[in-house]
Amino acid sequence: MLIGELARRTGVSPRLLRYYEAQGLLDSRRGRNGYRHYDEDSVVTVRQVRALLKAGLSTEVIRSVLPCARGERPDFDWCADLWDILNGELAAMDERIDSLQRSRGALADYLAQP
């Protein structure tokens, strides 16, 4: 399928699909005319990428876990290092949340002063 069809089926803009390809998250092959052609599996791949982005993962991390993803949700085959990667991302997210909570507390203290 061409990029416009993939965009229509996934709700993701062609520009973003090209970005995913540049990041190594999506594969295409080029026709003689230079147009990108995507396999049917690309629909699932784009939906996996969107779900993993929504979970807060960077495209760099997604690139490393995508080979273990199955289905649109996605579910995972627990490939080597996958647990460590996701656990590390969760720990980093917890640290960011803690930092934001401290910052929020400091700001709230300033606002509480007369």
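Before reading further, recall that the structure is shown in the block above.
I will try to describe carefully the structure that is included in this document. In this text the structure is predicted, and so the values were computed from the model without any measurement.

## Observations concerning the packing of helix α2 (residues 14-22) against helix α3 (residues 41-54)
So, step 1. Two numbers describe how α2 lies on α3: the axes approach to 12 Å, and their chain directions differ by 85°. The angle between α2 and α3 places the two elements in the roughly perpendicular class. In this structure, α2 contributes L16, L17 and Y20 to the contact, and α3 contributes V46, V49, R50 and L53.

## Details of the packing of aromatic side chains
So, step 1. Counted according to the given criterion, the structure contains three aromatic pairs.
So, step 2. Centre to centre, the rings of Y19 and Y20 are 6.4 Å apart; their planes meet at 55°, and the pair counts as tilted.
So, step 3. Taking the relative accessible area as the measure of exposure, Y19 reaches 38% and is therefore partly exposed.
So, step 4. Taking the centre distance of 5.9 Å and the plane angle of 50° together, the rings of F76 and W78 count as tilted.
So, step 5. Note on W78: relative accessible area 53%, which makes it exposed.

## Thoughts on the pattern of salt bridges
So, step 1. Counting across every chain of the model gives seven salt bridges.
So, step 2. The residue R8 makes a salt bridge to E5 at a minimum N-O spacing of 2.7 Å. Highlighted residues: R8 and E5, both in helix α1 (residues 3-10), separated by three residues, approximately one helical turn.

Cut-offs used in this document
- Residues numbered from 1 in each chain as written.
- Predicted model: local features only at pLDDT ≥ 70, side-chain atom pairs only at ≥ 80, totals over all residues.
- Heavy atoms only, no water.
- Axes fitted to C-alpha atoms, helices over the stretch in contact; angles between N-to-C directions.
- Helix = DSSP H or I, 4+ residues; strand = E, 2+ residues; numbered from the N terminus.
- Parallel < 35°, antiparallel > 145°, perpendicular 65-115°, else oblique.
- Contact = heavy atoms within 4.5 Å.
- Phe/Tyr/Trp six-rings, centres within 6.5 Å; stacked < 30°, edge-to-face > 60°.
- Buried < 20%, exposed > 50% of the residue type's maximum accessible area, 1.4 Å probe, protein only.
- Salt bridge = Lys/Arg side-chain N within 4 Å of Asp/Glu carboxyl O.

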